[in-house]
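What the coordinates show
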Amino acid sequence: MSKIVISILIMMVLWNGSSVVEGKDPISTEQPMSVEKAYELMGYTDFDNALKQYNKKGLILPSDIPFKVAYQYAKVDPDTSSINFEYLGENFSRNHLSIKVSPKSNPDYKNNHLMSSGEKAWMIEATRPEYPTIISFKKKDLFYTVMLHMGMKPLERSLAIQIAEELKDVQ
């Protein structure tokens, strides 16, 4: 279990930037750590608190997650004006959905996918089961990046597209 937590944390560090603060890595430990504690140390909180901090109108989230969610966390990054949402299943090395919302896009994205709504999107389909499928697009003046990891590539691809196309307004 601790290897899985460390793997997810490494992926989160790569996704969200460095977690190192003042030369100390708050998630490095010799002792096993709970998922809750690890996410707390990385600055994550519950969705409601993060949504209050983010305070942007028109934010949308998925209405349906393709696995049973055991944990969900969110984190606001004031430096990039972005918010990250994490949905984790019990076996989150194979059931992990991340959604990053930002007012800015990555200028390196090249649109290579057309969504059913006609919106252009950038998608990367990992060929190895241990890497996620990623789709990024603009909706309601915000840029969304959906990262889904289920370890079953054809299903993962179709579910990532479905999640991206079915994002609903947060009330």
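Refer to the structure above for everything that follows.
So, here is what we can say about the structure in this document. (Residues numbered from 1 in each chain as written. Predicted model: local features only at pLDDT ≥ 70, side-chain atom pairs only at ≥ 80, totals over all residues. Heavy atoms only, no water.)

**Focus: the overall build of the protein chain**
In terms of regular secondary structure, the protein chain is built from four helices and nine strands. Starting at the N terminus, the α and β elements of the protein chain follow one another as α-α-α-β-β-β-β-β-β-β-β-α-β. By the burial criterion, 43% of the 171 residues in the protein chain qualify as buried. Within the protein chain, counting contacts between residues at least 6 apart in sequence, those at least 24 apart form 55% of the total. When the accessible surface of the protein chain is totalled, it reaches about 9700 Å², and 51% of it is carbon and sulfur. (Helix = DSSP H or I, 4+ residues; strand = E, 2+ residues; numbered from the N terminus. Buried < 20%, exposed > 50% of the residue type's maximum accessible area, 1.4 Å probe, protein only. Contact = heavy atoms within 4.5 Å. Areas by Shrake-Rupley, 256 points an atom, 1.4 Å probe, with all protein chains shown as cover.)

**Focus on the nonpolar core**
Within the largest apolar cluster, 32 residues are counted, with the highest numbers of intra-cluster contacts made by Phe85, Tyr87, Leu97, Ile99, Val101, Phe137 and Tyr144. Per-element accounting of this core gives the leading share, five residues, to helix H4 (residues 153–165). The next biggest cluster of nonpolar side chains, apart from the first, holds eight residues, and it includes Tyr39, Met42, Tyr44 and Phe92. (Core = buried A, V, L, I, M, F, W, Y, C linked by side-chain atoms within 4.5 Å.)

**Observations concerning the side chain of serine 82**
Considering the arrangement of structural elements, one finds serine 82 in strand S3 (residues 82–88). Among the polar contacts listed, one links the side chain of serine 82 to the side chain of threonine 80, at a separation of 2.7 Å. With sequence-adjacent residues up to four places away left out, serine 82 is seen in contact with Tyr54, Lys75, Val76, Asp77, Lys100, Val101 and Ser102. (Polar contact = N/O pair within 3.5 Å; in protein donor to acceptor, adjacent residues only side chain to side chain.)

**Topic: the pairing of strand S7 (residues 133–139)**
Where burial is concerned, most of S7 is hidden: six out of the seven residues are buried. Taken together, the four bridges between strand S6 (residues 120–124) and S7 define a ladder with antiparallel strand orientation. From the neighbouring strand, isoleucine 124 faces S7, where its bridge partner is isoleucine 134. Pairing analysis gives seven bridges linking S7 to strand S8 (residues 142–149), with the strands arranged antiparallel. Bridge pairing in S8 places lysine 139 opposite leucine 142. (Pairing = 2+ DSSP bridges.)

**Describing the packing of aromatic side chains**
For the structure on display, the rule yields six aromatic pairs. Relative to tyrosine 44, the ring of tyrosine 39 has its centre 5.1 Å away and its plane inclined at 75°; by these criteria the two rings are edge-to-face. Of the residues examined, tyrosine 39 reaches a relative accessible area of 2% and is grouped as buried. Taking the relative accessible area as the measure of exposure, tyrosine 44 reaches 7% and is therefore buried. For the pair phenylalanine 47 and tyrosine 87, a centre-to-centre distance of 5.3 Å together with 80° between the ring planes defines the contact as edge-to-face. Of this pair, phenylalanine 47 sits in helix H3 (residues 47–54) while tyrosine 87 is found in strand S3, placing the two residues 40 residues apart along the sequence. Neither residue differs from the other here; phenylalanine 47 and tyrosine 87 are each classed as buried. (Phe/Tyr/Trp six-rings, centres within 6.5 Å; stacked < 30°, edge-to-face > 60°.)

**Structural notes on the sheet that holds strand S2 (residues 71–77)**
One open sheet accounts for seven strands, arranged S2-S3-S4-S8-S7-S6-S5; its pairing is antiparallel. Sheet topology places S2 and strand S5 (113–114) at the edges, where each strand pairs with a single neighbour. Where S5 meets S6, two bridges bridge the pair, whose relative direction is antiparallel. In the sheet register, leucine 114 faces S6, and the bridge partner there is lysine 120. Its contacts with the sheet place H4 against strand S4 (96–102), S5, S6, S7 and S8, and it is angled at close to 15° to S7. (Axes fitted to C-alpha atoms, helices over the stretch in contact; angles between N-to-C directions.)

**Brief notes about H3**
Within the sequence span of H3, burial applies to Phe47, Ala50 and Tyr54. Down the axis of H3, the smallest arc covering the buried residues is 70°, so these residues share one side. Turned more than 90 degrees off the buried face of H3, the exposed positions are Asp48, Lys52 and Gln53. Two or three places before aspartate 48, at the start of H3, stands the capping residue aspartate 46, its side-chain oxygen 3.1 Å from that residue's backbone nitrogen. At the C-terminal side of H3, asparagine 55 shows a positive phi close to 50°. (Arc of directions from axis to C-beta.)

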